[in-house]
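# Chains, contacts and geometry: an overview
Listed here are the chains, written in short residue letters.
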Amino acid sequence: MAPKPNNSNLKYLSLVTLTLQNAILGLSMRYARTRPGDMFLSSTAVVMAEVVKLATSLVLVFLEEGKSMLRLKATLHNTIVKQPMDTLKICVPSFLYILQNNLLYVSASHLDAATYQVTYQLKILTTAVFAVIILRKRLLPTQWAALVALVIGVASVQLAQTDSSGTAASRQQQMPGEPEQNRLLGFSAALGACFLSGFAGIYFEKMLKGADISIWMRNIQLSLLSLPFGLLTCIVNDGSKLSANGFFFGYDGFITYLIILQAGGGLIVAVVVKYADNILKGFATSLAIIISCVASMYLFDFTLTMQFTVGAALVIGSIFLYGYDPSAATGKHKVIKLSPDGGQDQVRLLAEKV
C-alpha cells in the first residue's frame, strides 16, 4: 500500500517535467536550426541522443542491481539475449522513434517555434485513435469533442500562419545565415511525426505495462535497437556530407546541450507512459504551447495574431475538456450487479470512470 503515493507523485512530477522539457526543446531546436554558422546534421544528433539515453539507462539499471557489474551483465543477458522475441518486438518503436525524431528536426527547420509546437499536438489525436484500436480504450463523448477541438485549433494556427506567410517568409529569407524555409514541408514532417508518435507511443505503452521489466531496461532495449536504424539513416541521408565533413561537423556546446535535452525527454516519456498513459502525456505536453508562444515573441520575432490566439486557446481548452468527467460532475453513479451469493443479489453503487 505504501508505494501508491510515491507512484502518484512520480506521475505528476514527470508530467510537469515533460511539459517544461517539451517547451524548452521546441525553442532550442528552432534556434539550433536557424542560427548563423555551420549547420550540424540532424541525423547525427538523433543518434547521439540515443547514445546518451543508452548510457543513462545502463547507469540506472546498474544502480537498480545494487551497483554490481556481475548482476548488471546477468540482467542484460537474461532480458535481451534469452528473450529474443521480446527484444525483436522493440524493433518496431525503435525504428519509428528514429524516423519521428528526424522528421521533428525537418519540421523545426521550416516552421516557427510556436507553429511547430501547436501542430505537433495533433499527436494527441493520433495517440487516442491508436489507443482505441490497440488498447481497446473507451473514450467519453466529451473526450472525443476535446480531440475535435484540438484539430480545429491546430488548423486555425496553421491557417493564421499561412495568411501572413507572404511578409513573414520574405522577412525570414532576407535574414543572413538562415536556410530557405518551406512551410508545406515543415507541416508535412510534423504531421508524419504525429502519426509515428501515436502508434509508437501506444505500442511501447503496451509493452511497458504488459511485462515485468523495468522502465530503464526497456529503454536499453529501445536504444540498442534504435542505434543501427539511426546510423543507417545517417548513411542513407547524409553519407556524402559525413564523408566530407565528419560525424560531428557543426557541433558545439549548444548542440551538446540540445542532444542531452532530447535524450532526457525520451527518458521522462518512459516514466510518464509507465505511471500515466500516452493520452495524458500528450495533453500535458500541450501546455508547452503557452511557454513557446510567449518565448517566441521575444526570441524569434514571432507575431501573435488573433487567429493564432484563438487556435492556441482551442488547443489548451481541449486539454481541460478531455479531463472533464460528466458523471463525476453530476454525482451520478453506475449500478453494477455482482454475482449472486447465498441466493441474494449483492448490488453495489460505484462511481466508475469509463
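Thresholds, definitions, all that
- Residues numbered from 1 in each chain as written.
- Predicted model: local features only at pLDDT ≥ 70, side-chain atom pairs only at ≥ 80, totals over all residues.
- Heavy atoms only, no water.
- Helix = DSSP H or I, 4+ residues; strand = E, 2+ residues; numbered from the N terminus.
- Buried < 20%, exposed > 50% of the residue type's maximum accessible area, 1.4 Å probe, protein only.
- Contact = heavy atoms within 4.5 Å.
- Areas by Shrake-Rupley, 256 points an atom, 1.4 Å probe, with all protein chains shown as cover.
- Axes fitted to C-alpha atoms, helices over the stretch in contact; angles between N-to-C directions.
- Parallel < 35°, antiparallel > 145°, perpendicular 65-115°, else oblique.
- Left-handed = near helix turned anticlockwise from the far one by under 90°.
- pLDDT = per-residue confidence, 0-100.

Right, let's talk about the overall build of the protein chain for a bit. Within the protein chain, the secondary structure is distributed over 16 helices and two strands. Out of the 354 residues belonging to the protein chain, those deemed buried represent 46%. In the protein chain, the share of contacts with a sequence separation of at least 24, taken over all contacts with a separation of at least 6, comes to 84%. Only carbon and sulfur atoms are counted for the fraction: they give 66% of the accessible area of the protein chain, which is about 17500 Å².

We now examine the packing of helix H2 (residues 42-64) against helix H3 (residues 69-81). Between H2 and H3, whose axes approach to 9 Å, the crossing angle comes to 115°. What the angle tells us is that H2 and H3 run roughly perpendicular. Here H2 runs over H3; the crossing is right-handed. Contacts between H2 and H3 pair Leu-58, Val-61 and Phe-62 from the former with Met-69, Leu-72 and Leu-76 from the latter.

On average, residues of the protein chain score 75 in pLDDT, and 72% of them are at 70 or above. Averaged pLDDT values for the elements of the protein chain fall to 30 in strand E2 (residues 347-350) and rise to 90 in H2. The model gives residues 1-5 a pLDDT under 50, and that stretch makes zero contacts with residues more than four places away or in other chains. Low pLDDT, under 50, characterises residues 165-177; the stretch is placed with 11 contacts to residues that sit more than four places away or in other chains.

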